Amino acid sequence: MKFILESSTAEHSCRKKKHCCLFLAILWLLMCSSSASAQQPVNGKITSADTVLSAVTISLKGSAVATQTDINGKFSINVAPSDVLVVSFIGFISQEVPVRGRRNIDIQLISEAESLSQVVVVGYGTAKKATLTGSVVAVKGADLVKSPAMNLSNSLAGRVAGVSAVTRSGEPGNDGSTLRIRGSNTLNDNTPLVVVDGIAGRELERIDPSDIESVTILKDASAAIYGARAANGVIMVTTKRGTSGKPALNLSYNQGFVKPTVIPKMANAATYAQMVNEIKVYRNKDIVYTPDDMQKYKDGSDPWGHPNTDWFSEVYKPVSQQRDAHVSLRGGTEAIRYLVSAGYRYQDAIYRNSATNYSQANFRANLDAKVSNNIKLSIDIAGRQENRNYPTLSSGNIYSSTMRGKPNIAAKWPNGFPGPDIERGANPVVMVTDATGYDKDIRYVLESNARLDINIPWVKGLSISGNASIDKYVDNHKLWQTPWYLYYWDGQTYDADKIPQLTKSLRGYATPQLQQDFNNGNRTTLNGLINYSTSIRGVHNIKALAGVEKITGDSMNFYAARKNFISAAADQLFAGGDGTDQTNGGSASVNARLDYFGRFNYNFKEKYLAEFVFRYDGSYIFPAGKKQFGFFPGISLGWVMSEEDFWKRNVTLINNLKIRGSWGQTGNDRINPYQYLQGYAYAGNGTNSSTYIFNRTEENKSINEIRISNPEVTWEVANQSNIGLDGQMVHGKIFFSADYFYNLRTNILAYRNASVPGSTGLTLPRQNIGKVINRGFEFQAGINNKIGEFTCTFSVNGGFQKNKIKFWDEVPGAPVYQQSTGHPINAPLYYEANGIFSDQAAVDKYPHWANARPGDIIFKDVNNDGKIDGLDQVRSDKTDLPTFMGGISLDVQYKNFYASILIQGASGARRKQFTFSGESGNFLQDDANGRWTVDNTTAIKPRTWNFAEEYWMKQYDINNTYFLRNNDYARLKNAEVGYNFPASFNNRIGIRGLRIYINGLNLATVTKLKNYDPESNSDNPYPSNKVYNVGFNLTF
Amino acid sequence: MKKIISQCAITLCVLVLINSCKKDFLSTKPLTEFSPDNTWNDPNLIQAFVNGIYLNVDNPLNGGDGLLKAEFVDEMQDQWYSFFEFNNCLITADNNLASWPHENWSKIYKNIRACNIFFDRINNVKTFDSTKVDDVRPKDRMTGEVHFLRAYLYHQLASLYGGVPIIKKAYGLNDDFSSRRDTYADCIQFISQECDSAAALLPLVQSGSNQGRATKGAALTLKSRTLLYAASDLHNLPVFPAYAHLDLLGYTDGDRTARWQLAKDAAKAVMDLNQYSLYKALPAPTDSVAQNFADIFISDQTEEDIWVRYFKVTSLNYLPELNELSLVSGPNGYHLYGEDTPAGEVVDDFEMSDGTRFSWSDPAKAYEPYKNRDPRFYSSILYEGVHFKQRPSDLTTLDAYGNLQVGTWQKWDASSNSMVEVYGIDSRKGPIENFNGGYTGYYLRKFINPSTNGQFNTNGSPWRYMRYAEVLLNYAEACIALGQDAEARNYLNMIRKRAGMPDITESGSALADRYRNERRVELAFEEHRFYDVRRWVIAPQAYKQFSGVNVLYKMNPDHTTAAIPEISPYVVQKSAWLNKGYFFPISRDELNKNSLLVQNPDY
């Protein structure tokens, strides 16, 4: 009666508050009702594995009576013989234990981690981890919520071996990671298939992590049950469902503070002015900046005439915010169980006066009804609204303008007015605001699913189920562009008060203009499954699944645009100009798939394991008839050595060891549809460049041949082989797992252009001719330990993979060092930078480009022909995707405190670095420091350059290895420190659980790459985010 | 209970079966495409297909970048890209023509394929209306247009590469793709025949909605241009004596005089149509001749137009538009890019108004170089001090008059008791976006409609692929080659009269020189010079350098600033020539793919 006693003390303290009393009165009534029948105490002990658990809540089902275990894991509670105990503890699976008149009940809890390791979600069902033969890994939702990342794809990095998640941009609403399972396998689309609650093709990024039970990743041929869509691996997300028991109301709230991980360090005004002078000298022109100017840039004595602007600090604020709130109600009875949740999140951008932000509201209702003993019906509905707000100029344009921003130009004048642009209105201080109009995108997602499971009672082990799902996506996009204003000073005109006279300047657009887009997409998934499982004499265990699935989808879009608004007051289409400058258009597409699939599992005493999966896929992408369908099998075998008697007798260190191997063929149908058809289409997409004007102003449609048909087109095939090992040592305290895989992707659709001369003029269809080999290994190992009240889990994972093109239609005759066959996908050609010409003598001595001068980059004469030309380029072996990714995670718990750390790293990629430097834009400080000058001829960095004027700087790209940067890194991806309030506290204030924590994202990084985030690959990225977050999680 | 369950199960199975039996739903159709059957049975789609060939003819303004061919010869200097490799003959079979943004082998052949598809299909189309428009049936008109376009495409190829494979079929996937280069002579003959076929089918005038389509006159003008090029030195003199395949580069036998005669006849054929005349050929005494000439290029239509491409004025959208010339070439002091600016070389070739040559070494002429020049100078070039147009409102305080300022002013600053230098708004040191200032001291005026606000709108001026002045010049050139000097002078002087210039009286090689200069200034920046310096084999003169001027308003001893600046030429960018530049290289890729191909000399 401990709880009751404490409650009555609480009652005293708040007697004056009427509503409180009312609440307690109801509580009292409830308690009275439950203690109506004859009561007697029952005692027990709660343990997990070998350890006792304290602070576990034991309650009576259907009543508010509850208690907790003490420090020795012991409890005592008054019950009626017919009561049912509900045992729950964070991180463990809740259990219901009927008392049945017993006086002493000891209960073993199973941790969620363990449970996850016991059962995993696989395609169209679940499988026991112990008898799993494929390469399948899982992450708990509880781990994913430890990351304050606003985009789920960013939370997977470092958690799972063999899965890489690289965050290229941190822009709110546009911050998804590039996900790859086992790296790149094809010259085409490498995106994995996402399956959410059994429905393929749903989106991963915007699922509320608090709703997630687990994420499972199928890495090898076990994914063949998804056939033609599985070649790049499958990510399966399972959301939480209701549990029977008292309703649990859970509230959580997170407040995050966001900073960029890194900001480029740019040259200051004095350095920049000096460098511009050098450009002039190299061009034999007079210098522009006098020593007096330099002095003023340095000392800041003339803020109007000689500013020293740090553009990044003018454009970025020190810290921005993000918020995330989530509420869920979970509970149920034997007959109906429910999970209902709602969430809201908001993410601001790092800009000052930002027009950029992302917000999302989402809900989910997962209902399970047990209609009868043999019929179960589940209905899931989830929806969300995603709001993206941007200024009218892209983040790339903003970043590039900030980077170009000349430090000797004012971002804002001393009186606060915005300063001039670089050109065409590009002053990023204004570009980030709503002064240029807005770019607003609202997406609605509604996903629904109904599932019926029927046990056929007269055949034991036979069940059938059916799924019907309708998903709907609607997108409303509105781009409203308005003129904006900047202020110039001519450097000489002053007003009467001797203050510089600024002139206001109209920039951007002469008149406002508006564009609106509307997109609508639907997907219907219907499937039916038959499951059968049986065990013959308890040794031959058989499970079989067969199913059929039909997926249809359609999408349409519609847009309209007007220009020449006479006023910016009405941002609606009707108010636009009626002249020729108005456009509208639209298009649509449909798709359809029909698939038959199945799985057959057999094991002998759970010792010898075998699985066969297949899918017979039909897709709209291919021509009707035989070619429309493809067969994809997967087979895997396993041997649990530790189940053998000799092992049990002789090996004590390793308690569990399984060897498994798989082979299969999966397909990739992420290719353009209708390649078997010859077709003509409008040039462009309704843009100006697609019409030809006759009669002065009449725009005429034009069509082009878009492809000639390839009647032979077929699936890309992934031949996947995998061998792996899973084991446990020291009674499960140490676990390990390792995989080696060899993927040969064949039938890759590639253009046969390389052997078809340009004189044919053919727009070739792609043909199934490419071959790529991708191989690598993965490992995962860890320790679970508990010493006294100190619990610790430590694990390491890593994945290494390397792909190379085995065959595609490469132009013959190119030198070996330029061929891409044998090199990774997308490896570029570069001249090899080989130092800097120190002086004219050095230039004269070595082959060089015709206009090379001291301070220029030396290109290596690779073929030793005494001249530098196209033949001196060499195929690189590095791309912008890492070949190794790994993570180290550590979770510790001491009493009610816990901490969790995830360190993640990657290596093997290279990044290009390109800036618009010169008279048209600023230099990185790093390029300024130690550059070649007439006084520093032994420099290892080139002289000051002027945008694309030098042969070693090309417009919009780089052509040599000097500008390639090593971006290997290791970073503290996540860290969380938290406190679980003790039961005594919880009981006093009438809650079931309270946790407070601080956590963070990308908190610290070790890398050689300066100025850019190592995960970014664009020259003009939105910076990646570093997040500091505080939050709480409250359960009633 | 059992009953309910079994009913449910049966229903479910039946549902699934029904769904799976109907496999038709898998055979969807693309909703944004036209099938060959749709296309080739619908005259409107066939028309759109022909429009597509027009659209894919190289846009001289090249999709927004405003990269005129003038930047690849001594007409304009591009301060942003500079095209160093191209203008120094560093192009190789590997470096993809070093950023050449215009037509090339693959682009042209792609469009030729479209022509060939058209010819494969057109005779099987049964749905054409036989109502005549402009006295021609639609099917014949379209057929004529495609003959013309195919001729134009092969003309482009032959001008850049010499003899090329003449491909008249639309290849299928399983065909043998290798093909030999046809001789230059065969190419010219083919183009000439195509022009004849086109001329026979096309109407004299394309009226109404067809205006802008090829006409009989366009076909004959193309023939004139082709035959003139073919008769020129490059294809008739031994420029590459050591090259093993001279028949790919030009004529190896036959009578050159006959070729000149053909060229002359072809030009005459256009004249004999009596369809075209020079715009304001006889200027009224009150006319500004310079304004007349400027108007040709910003008008929607003149009697001089033979084949034009229209562009519309539209607001810029931060995406490449089709004609951004006013933005790209306009002065930085108007918030424009000043990217490609006229080179001193062409500026200096505009004669004095009395018909004498301009020269920097003549102190009288160099003192005020922009005074008393050929009126076409004023319609083609913006230079120091000239009135262009009102500045944008935010810049009127810097310059209320809208006069171009590329110079430097030395001014006395009484407060500091010293001389200060003030830089012109349109110079590379000026106060407005000076990194966009041109290096040459000149900006482009030809083609630019001053009423276009280049900051916000595209330049709507049509591009004249062909105008009558070229035909007269082609005719004169053939006459000179044939020794018919008087006839040549006649036509040359028609052009000069319209331009307000005194007659040419020379004969012989002096006349030929005057002719070449006349063609240079009359057709400046119009894509002719690039080919002319090649076919005349005078490229070494044209690829020396790009010059500009320094303009300095000096301070007088009395601390006033001179009203007349000192203007002195200087070299902006060096160029260099190698003879291989007379023909483009065939890319190594292409040679590898088609083993029958032969590379051009010196690559």
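One structure accompanies this document, and this report is about it. (Residues numbered from 1 in each chain as written. Chains lettered and ligands numbered in written order. Predicted model: local features only at pLDDT ≥ 70, side-chain atom pairs only at ≥ 80, totals over all residues. Heavy atoms only, no water.)

**Observations concerning the interface of chain A and chain B**
- The interface is formed by 124 residues belonging to chain A together with 103 residues belonging to chain B.
- The interface formed by chain A and chain B contains 5 salt bridges.
- When the shortest N-O distance is used, the salt bridge between A:Arg707 and B:Glu33 registers 2.5 Å.
- Inspection of the region where chain A meets chain B yields 31 residue pairs in polar contact (both at pLDDT 80 or more).
- Partitioning the side of chain A that touches chain B into residue classes produces 53 nonpolar, 44 polar and 27 charged. (Contact = heavy atoms within 4.5 Å. Salt bridge = Lys/Arg side-chain N within 4 Å of Asp/Glu carboxyl O. Polar contact = N/O pair within 3.5 Å; in protein donor to acceptor, adjacent residues only side chain to side chain. Nonpolar A, V, L, I, M, F, W, Y, C, P; charged D, E, K, R; others polar.)

**A look at the sheet that holds strand β6 (residues 418-423) of chain B**
Residues and elements named next belong to chain B.
- Taken in spatial order, the 4 strands of this open sheet run β6-β5-β9-β10, and their pairing is mixed. Both outer strands of the open sheet, β6 and β10 (566-574), are each paired with one neighbouring strand and no more. Within this sheet the neighbouring strands show an average axis-to-axis angle of 30°, counted without direction.
- Pairing geometry for strand β5 (residues 408-413) and strand β9 (residues 545-553), over 2 bridges, is parallel. Bridging from a neighbouring strand, Thr408 pairs with Leu552 of β9. (Pairing = 2+ DSSP bridges. Helix = DSSP H or I, 4+ residues; strand = E, 2+ residues; numbered from the N terminus. Axes fitted to C-alpha atoms, helices over the stretch in contact; angles between N-to-C directions.)

**Comments concerning helix α8 (residues 216-231) of chain B**
- Taking 1.5 Å per residue as the helical rise, α8(B) with its 16 residues ought to reach 22 Å, and the 23 Å between its terminal C-alpha atoms agrees with that figure.
- Burial runs high along α8(B): 15 of the 16 residues are buried. (Expected span 1.5 Å × (residues − 1). Buried < 20%, exposed > 50% of the residue type's maximum accessible area, 1.4 Å probe, protein only.)

**Some points on the packing of aromatic side chains**
- Applying the stated criterion to the full structure yields 95 aromatic pairs over all chains.
- Aromatic pair A:Phe612 and A:Phe614: ring centres 6.2 Å apart, planes at 20°, arrangement stacked.
- Cation over ring: A:Arg283 sits above B:Tyr439, and NZ or CZ is 3.9 Å from the ring centre.
- Against the face of B:Phe25 rests A:Lys550, its NZ or CZ located 4.6 Å from the ring centre. (Phe/Tyr/Trp six-rings, centres within 6.5 Å; stacked < 30°, edge-to-face > 60°. Lys NZ or Arg CZ within 6 Å of the ring centre and 35° of its normal.)

**Considerations on the state of the cysteines**
- Within the structure shown, the criterion is met by 0 disulfides over all chains.
- No disulfide involves B:Cys187; its sulfur sits 13 Å from that of B:Cys195, the nearest cysteine. (Disulfide = S-S within 2.5 Å.)

**With respect to the side chain of A:Arg182**
Residues and elements named next belong to chain A.
- Residue placement: Arg182 occurs in the loop between β13 (177-181) and β14 (193-196).
- Judged by its relative accessible area of 1%, Arg182 is buried.
- Reaching out from Arg182, the side chain makes a polar contact with the side chain of Ser135 at a distance of 3.2 Å.
- A distance of 2.8 Å separates the side chain of Arg182 from the side chain of Asn722, its partner in a polar contact.
- With near-sequence residues (within four places) excluded, Arg182 lies in contact with Ser135, Gly162, Lys219, Asp220, Asn722, Asp739, Phe741, Asn774, Glu778 and Gln801.

**Re the nonpolar core**
- By size, the foremost hydrophobic cluster in this structure holds 213 residues, and its most contacted members are B:Phe118, B:Phe148, B:Tyr154, B:Trp307 and B:Phe530.
- No other element matches helix α6 (residues 138-161) of chain B, which puts 12 residues into this core.
- Every residue in contact with B:Trp307, bar those within four places of it in the chain, is listed here: B:Tyr54, B:Val57, B:Phe148, B:Leu149, B:Tyr152, B:Gly212, B:Ala218, B:Trp463, B:Arg464, B:Tyr465 and B:Met466.
- With 25 residues, the next largest nonpolar core counts A:Leu393, A:Met403, A:Ala426 and A:Leu1009 among its residues. (Core = buried A, V, L, I, M, F, W, Y, C linked by side-chain atoms within 4.5 Å.)

**Here we look at a nonpolar patch on the surface**
Residue and element names in this part refer to chain A.
- Together, Phe257, Val319, Val977, Ile998, Tyr1028 and Val1030 line one region of the surface with nonpolar side chains, adding up to about 490 Å² of accessible area.
- The topology assignment puts Phe257 in strand β18 (residues 245-260).
- The class of Phe257 is partly exposed, set by a relative accessible area of 34%. (Patch = residues over 30% accessible without salt bridge, like charges linked within 9 Å, V, L, I, M, F, W, Y side chains within 5 Å. Areas by Shrake-Rupley, 256 points an atom, 1.4 Å probe, with all protein chains shown as cover.)

**Comments concerning the pattern of salt bridges**
- Under the definition given, this model contains 92 salt bridges over all chains.
- Salt-bridge contacts for B:Arg113 lead to A:Glu705; the nearest nitrogen and oxygen are separated by 2.9 Å. Note that B:Arg113 is positioned in helix α5 (residues 105-122) and A:Glu705 in strand β36 (residues 703-707), a pairing that runs across two chains. One exposure class covers both B:Arg113 and A:Glu705, and it is buried.
- With a shortest N-O distance of 2.7 Å, A:Asp856 and A:Arg943 are connected by a salt bridge. In this pair, A:Asp856 sits in the loop between α11 (840-845) and β43 (857-859) while A:Arg943 sits in the loop between α12 (925-928) and β48 (964-966), placing the two residues 87 residues apart along the sequence.

**Describing the packing of helix α5 (residues 269-282) of chain A against helix α6 (residues 291-299) of chain A**
Residues and elements named next belong to chain A.
- Where α5 contacts α6, the axes come no closer than 8 Å and their chain directions differ by 155°. On the basis of the axis angle, α5 is roughly antiparallel to α6. For the pair α5 and α6, the contacting residues are Ala269, Ala270, Ala273, Gln274 and Asn277 in the first and Met294, Tyr297 and Lys298 in the second.
- When grouped by side-chain class, the residues that make up the contact of α5 with α6 number 5 nonpolar, 2 polar and 1 charged. (Parallel < 35°, antiparallel > 145°, perpendicular 65-115°, else oblique.)

**Quick notes on the side chain of A:Asn803**
All names here are of chain A.
- Tracing the backbone through its elements, the reader meets Asn803 in strand β40 (residues 790-807).
- One polar contact links the side chain of Asn803 to the main-chain carbonyl oxygen of Ser184, over a distance of 3.4 Å.
- Within polar-contact distance, the side chain of Asn803 engages the backbone nitrogen of Ile825 at 2.9 Å.
- With residues up to four places along the chain from it excluded, the contact list for Asn803 reads Ser184, Val772, Ile773, Asn774, His823, Pro824 and Ile825.

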